[in-house]
Amino acid sequence: MGKSRTTKFKRPQFNAVGLPVSAAKEEEPEGDEHGEDGCPAAELLEKLLSPSADVREFACASISRVVQQSQTIPGFLQRDAVRRLGPMLLDGSLAVRETATGALRNLSACGGQEVCEDMVKHDVMTPLTALLRECCAGFESTVVQMKEQKNAVEDVANEAVNLLWNLCECSSQALSVFNKAGLLDLVVQCLERHPHNVDLAISAAHCLHTVTEDNPELLCSMNTAVLGALENVLLSSQPGMAHTLLRTLAAGTLWNMKGSLPTARQAQALNAAVATLSQCLDLNTGELIPELRQAEEVRHKNAPSVTDAEDQAAGEIPLDEMDEEEEEEAPKQKRNGKDNDFSDLLPRGMEELREATALLTAQQTSLEIIVNMCCSDVTQKVLKKTEFPRTEAMDVCHQNPSWRGLIKRMQRVQSRALTCLHSILSTMDAESLGGPAALQAAAQHLSTLVFGAAEMPKDEEFLEAVISAMRSLLQMIASKSIPQCMTPQQLMSLSEAANCCDVVSVRVNAVAILGITGSTLAKEKGTAATLQMIGTALLEVATKDADLVVNGEALDALFDVFADGDEAETAAKNVQLLPALKALQPVFKAKIRKEGRGKYSPQQLCVLDNIKVNLRRFIGYLEKAVKK
């Protein structure tokens, strides 16, 4: 499938370590102690110098909580927070190490790329690398007496790996340090803890999945030990969704490494990776999520002392609050990287919610990996995932505040499936996809998604994904002369919904669908009325849309629809196409000259210049047709 790649989506990351939000608020000094700007940065950073480990831990935990509000981050950066927190990674107290690393993790996640690059510039990679080395050296020497007892060294390592993941995802300099400082072997050691600590292994797998993507310097130095560790994960049989997510990430890492795998093991490794992704997509979230929620209710009935309030008293932010905070923050502060897993931050008393979160993250990740594969074996499974989430699963999530954040995750799985379907349709031939009958069934399915409800969907992420998939499918159907399944009324509804969408690609794809459908109809008898409707809609977009790329796509579609045929000629006269295009021509040229250079890429300008030339030629063609 070449290097077709999905969009990098936001990945919220919050550290669960520290005081409860309510308790921390009670501890905050009152009055003017936060300074004139109301930011507690100065006081908290001063506490890092305290001789008391408890005070240093409290300060780090408080910083970790405060920086989740992105407006506070500049206050910490102006006071050299990164340089002052760096030494805390190697503090004599393990609790301070963990909370300090968590504070930097949150700072990197909530601050975005610019903050990550600033952290690397301030040499945070040096203490972070030293911390990871010490953690890995201490894995075997740390004795955990009971199965339920936490391993403090592994908890520190988990925070450190997450921080490393954030930095490598946002900073090329951090990735360069990763390649040269032997950090690959350390992260693989964390991955190998999967039989005992799946949370740490998942964090390591996320990190490996990120650093192996488009990183030839690292890939050329891969050794058989790394491959062996990944294969061991793929061959593991532990039950549960966390392990499903772990195996999915290992499969994605192997796919990233495909060019560096030993020839003798390449086919076996990649077949195992595809099988892992396929098995992940087989899981029925519509059934499993209600089952997990019911299991949680049964557990609470049997242990009434364990409540959501007590879970949250551990200082953890409920999943629904995390997602709400992410949505609120997004316009002001873009979080770094992909929207992936943060199930390690959910309370240990919410095992079923952790499992549900891991399940949805695994399926979303599987679909994002499959986008880059040319693989027809999973087509039907991808198509299945494009369906709307089942009502039963949506209902149980609506009913419980802690589970509401899963609703957005279920919708994202659907959107990723639609994006994956678009990629498959764009790169594979009709026969590989099942032939005309399968393509018509897929087209009918997509039409149902868009037009099945009383109102057109308005969610931009869904619209962008479904309309791009529909465009690819209709293009393939048209190229094979397979009958279309969309009615004129549906076409117009699609056009109207797209025109109201702020996402340029949605409007571009909707216009293209009108062009594809119209050019097919122009070859049939008795279609002049529908072509007239399409022509009117396309002229409206070409004339009034604020974006030149959309204007150009509408003109291109007009050229295709009205290029030839008696029906097209009749419709062109009825919509006064020739005078409309003559009036539009100087406006379009002036708009390119006025807005083009500063607003559009060289490639877009090249396309627009071609459309400008084609517009002149098409007007000439219409003038000759009129004179006949």
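Quick notes on the rules
Residue positions are given per chain, counted from 1 along the sequence in the order it is written. Thresholds applied to this predicted model are a pLDDT of at least 70 for local features of residues and 80 or more for the giving and counting of side-chain atom pairs; totals over whole chains, interfaces and linings are not thresholded and use all residues. As a rule here, side-chain values cover all heavy atoms of the structure and leave hydrogens and water aside. UniProt positions are given in the numbering used here, feature names are shortened, and annotations may be inferred rather than shown by experiment. Think of it this way: any DSSP run of H or I at least four residues long counts as a helix, any run of E at least two long counts as a strand, and we number them from the N terminus. Per-residue accessibility, obtained with a 1.4 Å probe over protein chains only, is compared with the maximum for each type, and a residue is labelled buried under 20%, exposed over 50%, and partly exposed between these values. Residue exposure ignores everything except the shown protein chains as possible cover, and the areas themselves are Shrake-Rupley values with a 1.4 Å probe. Salt bridges are defined by distance alone: a side-chain nitrogen of Lys or Arg within 4 Å of a carboxyl oxygen of Asp or Glu. Only residues above 30% relative accessible area that lack a salt bridge enter a patch, with like-charged residues linked at up to 9 Å and the nonpolar side chains Val, Leu, Ile, Met, Phe, Trp and Tyr linked at up to 5 Å. Only four residue types enter the charge count, namely Lys and Arg as positive and Asp and Glu as negative; His and the chain termini do not. Note that the charge is assigned to NZ on lysines, CZ on arginines, CG on aspartates and CD on glutamates. Here an angle of 0 to 180 degrees is reported between the N-to-C directions of two axes, which are lines fitted to C-alpha atoms, with helices fitted over the stretch in contact. When describing relative orientation, an angle under 35 degrees is termed roughly parallel and one over 145 degrees roughly antiparallel, while 65 to 115 degrees is termed roughly perpendicular and anything else oblique. The contact rule is simple, with two residues in contact once any of their heavy atoms fall within 4.5 Å. Each residue receives one of three labels: charged for Asp, Glu, Lys and Arg, nonpolar for Ala, Val, Leu, Ile, Met, Phe, Trp, Tyr, Cys and Pro, and polar for the others, Gly being one of them. Buried and open spaces are told apart on a 1 Å grid over the protein atoms alone, a cavity being a set of points where a 1.4 Å probe fits but cannot get out and a pocket being an open set with protein on both sides within 12 Å along at least five of seven lines. Residues with an atom within 4 Å of a point are the lining residues. Grid points are joined across faces, edges and corners, and a volume is the space filled by probe spheres set on the points. How far a helix is expected to stretch is found by multiplying one less than its residue total by 1.5 Å. In these notes, a set of buried Ala, Val, Leu, Ile, Met, Phe, Trp, Tyr and Cys residues joined through side-chain atoms within 4.5 Å is what counts as a nonpolar core.

In the annotation of an unreviewed UniProt entry, the entry for the protein chain reads SYO1-like TPR repeats domain-containing protein, and the organism field reads Scophthalmus maximus. The annotation that UniProt attaches to the protein chain under Sequence similarities (unreviewed entry) is "Belongs to the nuclear import and ribosome assembly adapter family."

K.L.:
Just checking my understanding: could you explain the overall build of the protein chain for this structure?
P.N.:
Regarding its fold elements, the protein chain presents 31 helices and 0 strands. When each of the 628 residues of the protein chain is scored for burial, the buried share is 56%. By element, 51% of the accessible surface of the protein chain is carried by carbon and sulfur atoms, the whole surface being about 27,200 Å².

K.L.:
Please clarify how the pattern of salt bridges should be interpreted in this entry.
P.N.:
Two side chains bearing opposite charge may form a pair once their charged atoms approach each other closely. Using the criterion set out here, one finds 28 salt bridges in the structure. Of the charged contacts in the structure, one is a salt bridge between Glu159 and Arg105, with a shortest N-O distance of 3.2 Å. Pair noted here: Glu159 is in helix α8 (residues 152-170) and Arg105 is in helix α6 (residues 94-121), with a separation of 54 residues, a long-range link. Arg105 gets classed as buried once you look at its relative accessible area, which sits at 0%. Between Lys544 and Glu540 there is a salt bridge, with its nearest N and O atoms 3.3 Å apart. Of this pair, Lys544 and Glu540 both sit in helix α27 (residues 528-544), 4 residues apart, which is roughly one turn of that helix. Judged by relative accessible area, which is 40%, Glu540 ranks as partly exposed.

K.L.:
It is not clear to me how a positive patch on the surface should be interpreted in this structure. Could you clarify?
P.N.:
Taken together, the side chains of Lys589, Arg593, Arg616 and Arg617 make up a positively charged region of the molecular surface. When contributions to the positive patch are tallied by element, the ones reaching two or more residues are α30 (577-599) and α31 (602-627). For Lys589, a relative accessible area of 38% gives the class partly exposed.

K.L.:
I would appreciate a short explanation of the packing of helix α21 (residues 391-399) against helix α22 (residues 405-427) in the present structure.
P.N.:
Geometrically, a packed helix pair is captured by the angle between its two axes and the distance between the axes. Contact pair α21 / α22: the axes reach a minimum separation of 8 Å and the direction vectors enclose 150 degrees. When the axes of α21 and α22 are compared, the pair comes out roughly antiparallel. Contact residues: Ala393, Met394, Cys397 and His398 in α21; Leu406, Ile407, Met410 and Gln411 in α22. Here the residues of the contact of α21 with α22 are counted per class, giving 6 nonpolar, 2 polar and no charged.

K.L.:
I'm lost on empty space enclosed by the protein in this one. Help?
P.N.:
Following the criterion strictly, the structure yields 5 cavities of 30 Å³ or more and no others. Considered as a void within the structure, the largest cavity measures approximately 80 Å³ in volume. As for the largest cavity, its lining consists of Thr379, Gln380, Leu383, Leu421, Leu425, Leu433, Ala438, Leu439 and Ala442. Residues of the lining of the largest cavity, tallied by class, amount to 7 nonpolar, 2 polar and no charged.

K.L.:
Can you walk me through helix α19 (residues 351-370) in this structure?
P.N.:
It helps to recall that an α-helix has 3.6 residues per turn; residues three or four apart then point in one direction. The end-to-end C-alpha distance of α19, which contains 20 residues, comes to 28 Å, matching closely the 28 Å that a straight helix rising 1.5 Å per residue would cover. With respect to burial, α19 is a largely interior element, 18 of its 20 residues being buried.

K.L.:
Is there a simple way to explain the nonpolar core in this structure?
P.N.:
Formed by 199 residues in total, the largest nonpolar core has its most connected members in Leu164, Leu167, Phe178, Ile289, Leu555, Leu577 and Leu581. Each residue touching Leu167, except ones within four places of it in the same chain, is listed here: Ser108, Cys116, Met119, Val120, Val124, Met125, Leu128 and Ala174.

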